[in-house]
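Read off the chains here:
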Amino acid sequence: MTNDPRRLVLVASNRGPVSFSFAEDGSLITRRGGGGMVSGMMSGLAAIAADVEILWLCTALSDADREAARRGDRVAGGPGDAPVRMLEIPPDMLDGAYNGIANSVLWFVHHLLFDTPNQPRFGAGFRRDWSRYMAYNVAFADALAQECRAGTRVLIQDYHLALAPRLLRERHPRARIAHFEHTPWAPPDYYRLLPDDVAVAILDGMLGADHAGFLAGRWAGAFLDCCQAVLGARVSRGAGGSGQVRYRGRTTEVGVHPLGVDGTALRARGRETDVEAHAVALAAIAKGRQLIVRVDRTELSKNIVRGLAAYRELLLTHPAWLGRVMHLAFAYPSRSELAEYRDYTAHVHRLAGEINAEFGTRDWEPLVLEVRDDYARSLAACRIADVLLVNPLRDGMNLVAEEGPILSERGCALVLSREAGAAALIGDEALVVNPYDVTATAEALHAALCMPAAERRRRAGAIAARASGRAPRRWLTEQLDALG
Ligand code: G6P
């Protein structure tokens, strides 16, 4: 079925595979869209683009995107040159749906991020944003319904579009619909922080799909638990966290699809000249010292502050490392529209400054914090890392944990949070930590730095093989095949 050239695959996501900006002369400059969800989808879809017809619907996120959408119904830049349709959503609707609900509420719920004595407070502002979120989902469902033909398969991505499967089902009862959630899923007690009607609407919206996919068995299991506890739906459980939900006369299959990395393509990119140049420059900074590397967005769930605190504790409790180790912390800007993210970024900077002031000497800078996003430099750091630190509080998967060992030249030891979805796939070859436990993280960093070179190499090789076995093509084909 997947190979039938006449079959259309529609993809829907908030952020799309392409974005625009204005050049000085007013013309439009095209850029590839960023982020974990977009890159996974892009490589998975590119791998099958010769076999199916693809159309990707996304939001016009900026003025330049809106201008591009006005100039043509379709823009180029999808996987394998597939067309992209950018939806023009009114800015206040987008702000309420994206910043107000998706980023400030749903992201916080699924990553367990609320400071509960103070937040959330679901008042009139929340209700205004919720109605915008509903309207945003209606806009997507209307556009998808326009594009649907007989046999079309629709892949709806993430928490931004939780209501869209049900809304599309109402408009196109026979559509084959999959929803994929790239984040974790909250357990019922935490999920129930949401107002009751909202908690129901989100689950009901997703159950409009034929297939609901998750990156790890834990997240699928938590979703099934919520369906049972919140909706009273009939739930049956299969292997590895998968299952079925029977609700409002329909059955939704719940599947677990861990996402890996196309190791061959990544290694090839990692050998290009820009990466090579950065690798030489970083090695010159390290001067033969062992390197602990992290690469993250400055995202609350990535736990950068406790990672820095663990590095500080390592230097305090194992002074033998003073002058012999360096921490390269890449923390790239993210969601700076939200006050919590601006405060968090300031905290990261403060702590980094304190560590360098406390331990630095004339010829040793213990910590290099880089906040300017540079993909080639990130790849270079992974190539030469001795230890990779990936310690999120909670993470759908975390591809850096897989990409680092693939790129690593000498084999790096991975210190990995047990709360990352990736732990289920590669945790047995990593040093697994409770991300809240700073002392345990410091000890894991010490153990990683002490790990014999041959063992680092063996473990990194095993992780690379496991991750490559779950390359995006397989991940995507599984979801399409689940739709028949
Ligand atoms: C990460 C998550 C995705 C999510 C994306 C949104 O990549 O893994 O699940 O869709 O962030 O990022 P954005 O920058 O668009 O808010």
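Nothing here was measured: the structure is a model prediction, and the numbers come from that model.

A. Local environment of helix α16 (residues 438–450). Spanning 13 residues, α16 covers 18 Å between terminal C-alpha atoms, matching the ideal 18 Å at 1.5 Å per step. Here α16 has its buried residues at Val-438, Thr-441, Ala-442, Ala-444, Leu-445, Ala-448 and Leu-449. The arc that holds every buried residue of α16, seen down its axis, measures 160°, which confines them to one face.

B. Main features of the packing of helix α10 (residues 273–286) against helix α13 (residues 375–384). Interaxial distance between α10 and α13 falls to 8 Å at its minimum, and their mutual angle equals 55°. Classified by the interaxial angle, the pair formed by α10 and α13 is oblique. The two elements α10 and α13 cross, and the hand of that crossing is right-handed. The segment α10 lies against α13, with Asp-274, Val-275, Glu-276, His-278, Ala-279, Leu-282 and Ala-283 engaging Ala-376, Arg-377, Leu-379, Ala-380, Ala-381, Arg-383 and Ile-384. Tallied by class, the residues present in the contact of α10 with α13 amount to nine nonpolar, one polar and four charged.

C. Representation of the site of the ligand. Around the ligand sit Arg-15, Gly-36, Met-37, Tyr-98, Trp-107, Asp-158, Tyr-159, His-160, His-182, Thr-183, Arg-297 and Arg-335, and those are all the residues in its vicinity. Within the side chain of Arg-335, a nitrogen or oxygen atom sits 3.2 Å from an oxygen atom of the ligand. Secondary structure elements with two or more residues in the shell around the ligand: α1 (36–48) and α3 (91–110). Its residues assigned to classes, the shell around the ligand shows four nonpolar, four polar and four charged.

The rules behind these values
- Per-chain numbering applies: the sequence of each chain, read as written, is numbered from 1 onward.
- Only residues with pLDDT of at least 70 get local features here, since the model is predicted, and only at 80 or more are side-chain atom pairs given and counted; chain-wide, interface and lining totals rely on the full set of residues.
- Hydrogens and water molecules were not included; the side-chain quantities draw on all heavy atoms of the structure.
- Under the DSSP-based scheme used, a helix requires at least four consecutive residues in state H or I and a strand at least two consecutive residues in state E, with every element numbered from the N terminus.
- A helix is expected to span 1.5 Å for every residue after the first.
- Buried residues are those whose accessible area, probed at 1.4 Å on protein chains only, stays under 20% of the maximum for their type, while exposed residues exceed 50% and partly exposed ones sit between those limits.
- The arc in question is the one traced by the directions running from the helix axis out to the C-beta atoms.
- In this analysis, axes come from line fits to C-alpha atoms, helices being fitted only over the stretch in contact, and the angle between any two N-to-C directions falls in the range 0 to 180 degrees.
- Orientation labels follow simple angle bins: below 35 degrees gives roughly parallel, above 145 gives roughly antiparallel, 65 to 115 gives roughly perpendicular, and whatever is left gives oblique.
- Crossing handedness follows the turn of the near helix against the far one: under a right angle anticlockwise gives a left-handed crossing, and clockwise gives a right-handed one.
- By definition in these notes, contact holds between two residues if any of their heavy atoms fall within 4.5 Å.
- Under this grouping Gly is polar, as are all residues other than the nonpolar Ala, Val, Leu, Ile, Met, Phe, Trp, Tyr, Cys and Pro and the charged Asp, Glu, Lys and Arg.
- In these notes, residues near a molecule or strand are those with any non-hydrogen atom within 4 Å of it.
- N or O atoms closer than or at 3.5 Å make up a polar contact, with two conditions inside protein: a donor-capable atom paired with an acceptor-capable one, and, for residues adjacent in sequence, both atoms drawn from side chains.

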